[in-house]
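Residues per chain are reported as follows:
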Amino acid sequence: MNYVYILFADDSGPPPSTVINQNDTFAKVTFKPSVVQQARIAQNGVLGDFIIRYDVNREQSIGDIQVLNGYFVHYFAPKDLPPLPKNVVFVLDSSASMVGTKLRQTKDALFTILHDLRPQDHFSIIGFSNRIKVWKDHLVSVTPDNVRDGKIYIHHMSPTGGTDINGALQRAIKLLNDYVAHNDIEDRSVSLIIFLTDGKPTVGETHTLKILNNTKEAARGQICIFTIGIGNDVDFMLLEKLSLENCGLTRRVLEEDDAGAQLIGFYDEIRTPLLSDIRVDYPPAVVEQTTRTLFPNYFNGSEIVIAGKLADRKVGQLHVEVTASNSKKFVILKTDVPVEPQRAGHGETGSARPQAGAEPRNHVERLWSYLTVKELLSSWRHSRDEQDRERLRQKAQALALAYRFLTPLTAMHLRSAGQPEKLEEAQGVSAAVGPETVMQSLRGASPQPGPALKKPYSPRIKVSKTSVDGDPHFVVDFPLNKLTVCFNIDGQPGDILRLVSDHADSGVTVNGELIGAPAPPGGHKKQRTYFRTITILVNKPERSYLEITPSRVILDGGDRLVLPCNQSTVVGSRGLEVSVSANANVTITIQSTIAFVILVHLYKRPAPYQRDHLGFYISHSEGLSGNCHGLLGQFLNQDAKLTEEPAGLSKDPTHPLLPKAGEQSETVLKVKGHQVPVVWKQRKIYNGEEQVDCWFARNNAAKLIDGEYKDYLAAHPFDSETSFGPGRSRGL
């Protein structure tokens with residue numbers, strides 16, 4: 001196998017720090033940019049895909065096959081074949097959310113794609129919102145007039161209404177099925193749907209499982225669906241499953257990306273089908289644990305890669321047979337590949353796992369493990385059976401850990417600054433928590449020294465009971481006294497509450513903004529309130545602003561950075577670290593001595609009284625001062641104790657009152673000079689995963705907290721003013 005060329009996505013050449021070592025049989029590409037080089041590429045460092053395009057000299061039509069130490073890999077990429085005709089329906093979301101740049105870019109891209117269709121292709125166009133608008137009720141051939149009319153139809157699409165994904169797919173599938181059934185197609189052809197949307201199903205059938213079942217039943221494995229999701233609000237999981245279950249691919253286009261360029265690039269991958277119904281066979285007595293061997297289509301410029309293990313290492317040759325269809329005939333390719341005896345120095349024999357902490361020297365074995373993990377993850381996402389999903393998850397995680405692959409089921413840890421950069425053993429984490437990612441520094445500065453936090457945070461890690469979550473329910477833990485106190489605050493939607501106020505000393509302020517919702521029927525409340533935004537002001541060693549919502553984190557410390565909450569990432573700058581665990585939590589660590597965990601509560605189908613909201617937990621408070629205040633902050637570093645006093649007994653020692661006959665004693669909490677009647681209660685925290693026993697202070701905690709409710713109202717999200725203690729300040 002000889003390498004012919006290596007190309008990068010940009011014609012200007014490889015990015016800085018790229019080193020290419022290449023000869024006739026080997027190529028190694030190293031990309032290791034410094035922080036300065038990253039900053040020259042993008043303001044906040046490199047965040048994207050490093051794409052290498054390469055090809056090899058191919059001497060056999062059946063492809064290249066390598067065998068090494070009991071493993072084999074088969075690269076199949078035939079060329080010089082006539083293209084298969086395409087029957088393609090373009091399905092374009094024209095709902096109201098597509099207004100503006102997204103729809104304009106998509107239209108421009110479709111103009112380009114229509115001009116690229118071949119004369120033997122057939123096509124139609126569907127625009128959908130709450131109505132399904134079909135350009136032609138049948139597929140038409142590619143002629144200059146039809147292409148022109150199609151462009152005119154696309155040009156006049158206007159954004160309006162909701163999103164009927166199920167209806168649009170059903171109509172597109174019917175167009176293709178009718179065309180194939182009612183036309184005598186002499187040449188073999190490939191039927192495709194290219195489906196683009198930026199939202200979730202809101203009209204017609206909106207249940208995900210029913211949409212998937214309806215689509216699979218209608219397509220019957222004869223139509224491949226290629227999906228493109230635009231923006232942050234798209235139901236990408238639905239699109240991914242639609243493509244996985246219907247022999248297609250899916251792509252995600254971020255809000256800030258050029259949707260048109262992404263669409264054209266995606267279409268380029270599938271514009272030229274060369275083969276269909278590809279099947280690759282090896283002798284079952286000789287080969288075991290192969291990766292996927294059946295492929296619905298092969299597109300020009302792509303490559304089919306299959307890997308497996310040899311059941312008998314002493315076999316002298318490996319028989320390979322490929323069957324497929326092209327536009328004119330049925331293709332059968334056969335060959336026998338000699339299996340060379342093992343040579344010294346090529347790695348361990350008989351081992352499916354590498355030694356702990358060591359990379360396998362058998363590159364074919366590692367490729368087999370990579371492809372196997374990839375297919376297991378695909379099956380895991382695809383499966384709807386919980387037992388099957390768990391079996392696939394365990395297999396994928398075990399193999400990924402054995403070969404040290406970073407996946408949604410595993411995590412990668414790097415040693416902290418000042419220690420040698422050595423990759424530690426990967427550890428598995430819950431898929432619900434998401435992967436932990438490598439920390440990047442925004443400005444190239446190492447975190448300031450201080451006591452290290454022991455482990456990453458997730459909703460399953462019991463970081464602290466001191467928190468506010470839900471409606472909102474406050475919990476305060478007094479660990480030295482082995483007491484937990486809880487109380488409710490019934491605020492108004494739009495109110496901004498001071499949770500932690502320590503601006504004058506540690507420089508930290510935390511506020512939370514409330515959002516309202518109707519109360520459940522039959523309850524005593526008129527409305528519910530939740531925290532929809534948590535804002536954090538960090539004033540030392542330099543000022544940084546953080547705004548957290550269920551969908552994103554905005555970090556503004558001179559450079560503005562927006563982190564989506566549905567993607568795991570870690571960023572750090574001068575003692576401040578922000579860690580996002582996808583759709584689970586956000587951890588804020590300040591100077592290694594203060595840490596807050598914000599739980600993200602998302603509802604797929606919220607009831608009328610539910611809202612996506614946040615929970616705020618104080619994980620580490622050593623760095624907060626004794627003057628700290630706020631609804632939660634005032635109880636940090638305080639002592640509390642319980643006493644029993646007769647009900648109705650005067651708290652004024654100068655005017656004692658004797659208890660009345662028949663009265664029982666009540667429990668009184670003494671904290672910060674307050675004496676507060678409390679009752680025992682149970683409350684759930686950590687998204688309902690743990691139940692705590694607490695002493696509940698009634699009446700909006702009127703006797704528990706300093707001052708009144710109005711004293712905790714902030715004027716704006718980053719207001720650091722406080723009315724309590726010697727550290728009071730006028731704020732910003």
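Residues numbered from 1 in each chain as written. Predicted model: local features only at pLDDT ≥ 70, side-chain atom pairs only at ≥ 80, totals over all residues. Heavy atoms only, no water.

Here the focus is the overall build of the protein. A count of helices and strands for the protein gives nine helices and 40 strands. Across the 732 residues of the protein, 46% fall into the buried class. Here the analysis covers contacts within the protein between residues at least 6 apart in sequence; of these, 61% occur between residues at least 24 apart. (Helix = DSSP H or I, 4+ residues; strand = E, 2+ residues; numbered from the N terminus. Buried < 20%, exposed > 50% of the residue type's maximum accessible area, 1.4 Å probe, protein only. Contact = heavy atoms within 4.5 Å.)

Averaged over the protein, the pLDDT score is 79; the fraction of residues at 70 or greater is 79%. When pLDDT is averaged over each helix and strand of the protein, the minimum, 32, is found for strand β21 (residues 427-428) and the maximum, 95, for strand β8 (residues 122-128). This stretch, residues 1-5, has a pLDDT under 50; its non-local contacts, to residues over four places away or in other chains, come to 27 contacts. Low pLDDT (under 50) marks residues 647-664, which in the prediction has 16 contacts with non-local residues, meaning those over four places away or in another chain. (pLDDT = per-residue confidence, 0-100.)

Attention shifts here to the pattern of salt bridges. Applying the stated criterion across every chain, the model contains 17 salt bridges. With a shortest N-O distance of 2.9 Å, K86 and D121 are connected by a salt bridge. Note that K86 is positioned in strand β7 (residues 86-93) and D121 in the loop between α2 (101-116) and β8, a separation of 35 residues in sequence. A salt bridge links R104 to D108; the shortest N-O distance between them is 4.0 Å. One end of the pair is R104 and the other is D108, both in helix α2 and four residues apart, which spans about a single turn. We classify D108 as partly exposed; its relative accessible area is 39%. A cluster of three or more residues bridged by salt bridges with shared partners is formed by D145, R148 and D149. (Salt bridge = Lys/Arg side-chain N within 4 Å of Asp/Glu carboxyl O.)

A contiguous nonpolar surface patch, about 260 Å² in accessible area, is contributed by F50, I52 and Y54. Following the sequence through the fold, F50 ends up in the loop between α1 (35-41) and β4 (52-57). Residue class for F50 comes out partly exposed when judged on its relative accessible area of 34%. (Patch = residues over 30% accessible without salt bridge, like charges linked within 9 Å, V, L, I, M, F, W, Y side chains within 5 Å. Areas by Shrake-Rupley, 256 points an atom, 1.4 Å probe, with all protein chains shown as cover.)

Take the environment of P520 next. By secondary structure assignment, the location of P520 is in the loop between β27 (508-518) and β28 (527-538). A sequence separation of 88 residues divides P520 from P608, and the C-alpha atoms of the two residues are 8.0 Å apart. Not counting residues up to four positions away in its chain, the partners in contact with P520 are R528 and Y609.

Relative to the 26 Å expected for 18 residues at 1.5 Å per residue, helix α4 (residues 165-182) spans 26 Å between its end C-alpha atoms, a close match to the ideal helical length. For α4, the set of buried residues is I165, N166, G167, A168, L169, A172, I173, L175, L176, N177 and Y179. The residue sitting at the N-terminus of α4 and contributing the capping side-chain oxygen is D164; that oxygen lies 2.9 Å from the backbone nitrogen of G167. (Expected span 1.5 Å × (residues − 1). Polar contact = N/O pair within 3.5 Å; in protein donor to acceptor, adjacent residues only side chain to side chain.)

This part takes up the packing of α2 against helix α7 (residues 259-270). One way to put it is that α2 packs onto α7 with a least axis distance of 7 Å and a crossing angle of 30°. Considered as vectors, α2 and α7 are oriented roughly parallel to each other. Judged by the twist between their axes, the crossing of α2 over α7 is right-handed. The segment α2 lies against α7, with Q105, T106, A109, L110, T112, I113 and D116 engaging A259, G260, L263, I264 and Y267. Of the residues contributing to the contact of α2 with α7, the split by class is seven nonpolar, four polar and one charged. (Axes fitted to C-alpha atoms, helices over the stretch in contact; angles between N-to-C directions. Parallel < 35°, antiparallel > 145°, perpendicular 65-115°, else oblique. Left-handed = near helix turned anticlockwise from the far one by under 90°. Nonpolar A, V, L, I, M, F, W, Y, C, P; charged D, E, K, R; others polar.)

On to the side chain of S383. As for its position among the elements, S383 is in the loop between α8 (363-382) and α9 (386-403). By relative accessible area, S383 is classed as buried at 10%. A polar contact of 3.3 Å, which involves the side chain of S383, links it to the backbone nitrogen of D385. Beyond its immediate sequence surroundings of up to four residues, S383 is in contact with D388, R389 and L392.

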